[in-house]
Amino acid sequence: MKNEATLVIIKPDGLKKSLTGNILSRLSETKLKIIGARVVKVDEELARKHYSHLQDKPFFPELVKYITGQLHGENRVMALVYWGREAISKVRQIAGATNPEEADPVSVRGAYGRILTSGLYENVIHASSSPDEAEREIKLWFEPDEIVYDLYRTEEKESGGIRKRAWK
Ligand code: IDP
Ligand code: MG
């Protein structure tokens, strides 16, 4: 058993439905550690990068609208990094299956997700599904200094006379 990091995003519907506390409580059952947390205003560019693996899917435009908050009048999401043993599978278990109608009813997606008339799965949270995906996503959503542990390699960069750490 190996320590891993994973990215969780409470999507705009989760914030709109006031589920933040509830979701954090559910995730605390895992005994994993939160090592990073941010409330993020998601722009189109971040949305497209985050879901780049789905860009050819028919639901992609709707998915970008969803994560940027255009479906909920709520352009905030909460991004968290969890760390510990089997973090990826433990969090995916609590999140539930991608399709909220097929998800275990006691999972977050099973309890609070729904399918929109457009066909999009509005499923409350995102959770990374592999170590490579977690690394790509964590580097996209967080700067090195926004995470408490040194997860991945970094380098010093200078911009406007200020030196700062960046992902290598
Ligand atoms: P995951 O979130 O369970 O990892 P992905 O395949 O990475 O699933 O898809 C990202 C998001 O796109 C899902 O969480 C869901 O909101 C949406 N989605 C995925 N597949 C479908 C689909 O077949 N129909 C509608 N929406 C989908
Ligand atoms: Mg995924």
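Here's what I pulled together on the structure shown here. What you are looking at is a predicted structure, and each value in this text was computed from that prediction instead of being measured.

This brings us to the overall build of the chain. For the chain, the helix and strand inventory stands at seven helices and eight strands. Here the C-alpha atoms of the chain give a radius of gyration of 16 Å, agreeing with the 15 Å that 2.2 N^0.38 yields for 168 residues. Looking at the chain as a whole, 45% of its 168 residues are labelled buried. The long-range share in the chain, meaning contacts at least 24 apart out of those at least 6 apart in sequence, stands at 68%. A total of about 9100 Å² of accessible surface is found on the chain, and carbon and sulfur atoms cover 48% of it. Put simply, the chain has 27 plus and 25 minus side-chain charges, and the middle of one group is 2 Å from the middle of the other.

Right, let's get into the site of ligand 1. Ligand 1 sits among 14 residues. The nearest are R92, T98, R109, Y121 and N123. Between H53 and ligand 1, the recorded distance is 3.3 Å, taken from a side-chain N or O atom to an oxygen atom. Between ligand 1 and R109, the relevant distance is 3.0 Å, taken from an oxygen atom to a side-chain nitrogen or oxygen of the residue. For ligand 1, whose accessible area on its own is 530 Å², the fraction buried by protein is 83%. The cavity where ligand 1 resides is the largest pocket. Of the residues that constitute the shell around ligand 1, the class distribution is seven nonpolar, four polar and three charged.

Let us now look at the packing of aromatic side chains. Working definition: an aromatic ring pair is given by the centre-to-centre distance plus the angle between the planes. Under the criterion given, the structure shown has two aromatic pairs. Aromatic side chains W83 and Y149 sit 4.9 Å apart centroid to centroid with 90° between the ring planes, which places their arrangement in the edge-to-face category. In this pair, W83 is assigned in strand 3 (residues 76-85) and Y149 in the loop between helix 7 (131-141) and strand 7 (154-159), connecting sequence segments 66 residues apart.

Taken in spatial order, the four strands make up an open sheet running 2-3-1-6, and their pairing is antiparallel. Single-partner strands in this sheet number two, and they are strand 2 (33-41) and strand 6 (125-127). This sheet shows a mean twist of 20° between the axes of neighbouring strands, independent of strand direction. Where strand 1 (residues 3-10) lies against strand 6, three bridges are found, and the strand directions are antiparallel. Considered in strand 6, the bridge of I10 is made with I125.

Attention now goes to the layout of surface pockets. If you add up the space inside the largest pocket, you get close to 360 Å³. Lining the largest pocket are 18 residues, with K11, Y51, L54, T98 and N123 positioned closest to its centre. Its residues assigned to classes, the lining of the largest pocket shows seven nonpolar, six polar and five charged.

Conventions we followed
- Residues numbered from 1 in each chain as written.
- Chains lettered and ligands numbered in written order.
- Predicted model: local features only at pLDDT ≥ 70, side-chain atom pairs only at ≥ 80, totals over all residues.
- Heavy atoms only, no water.
- Helix = DSSP H or I, 4+ residues; strand = E, 2+ residues; numbered from the N terminus.
- Rg over C-alpha atoms; globule rule 2.2 N^0.38 Å.
- Buried < 20%, exposed > 50% of the residue type's maximum accessible area, 1.4 Å probe, protein only.
- Contact = heavy atoms within 4.5 Å.
- Areas by Shrake-Rupley, 256 points an atom, 1.4 Å probe, with all protein chains shown as cover.
- Lys, Arg positive; Asp, Glu negative; His and termini not counted.
- Charge placed at Lys NZ, Arg CZ, Asp CG, Glu CD.
- Near = heavy atom within 4 Å.
- Polar contact = N/O pair within 3.5 Å; in protein donor to acceptor, adjacent residues only side chain to side chain.
- 1 Å grid on protein atoms, 1.4 Å probe; cavity = no way out; pocket = protein on both sides within 12 Å on 5 of 7 lines; lining within 4 Å.
- Sits in = over half its atoms within 2 Å of the grid points.
- Nonpolar A, V, L, I, M, F, W, Y, C, P; charged D, E, K, R; others polar.
- Phe/Tyr/Trp six-rings, centres within 6.5 Å; stacked < 30°, edge-to-face > 60°.
- Pairing = 2+ DSSP bridges.
- Axes fitted to C-alpha atoms, helices over the stretch in contact; angles between N-to-C directions.
- Points joined across faces, edges and corners; volume = space filled by probe spheres on them.

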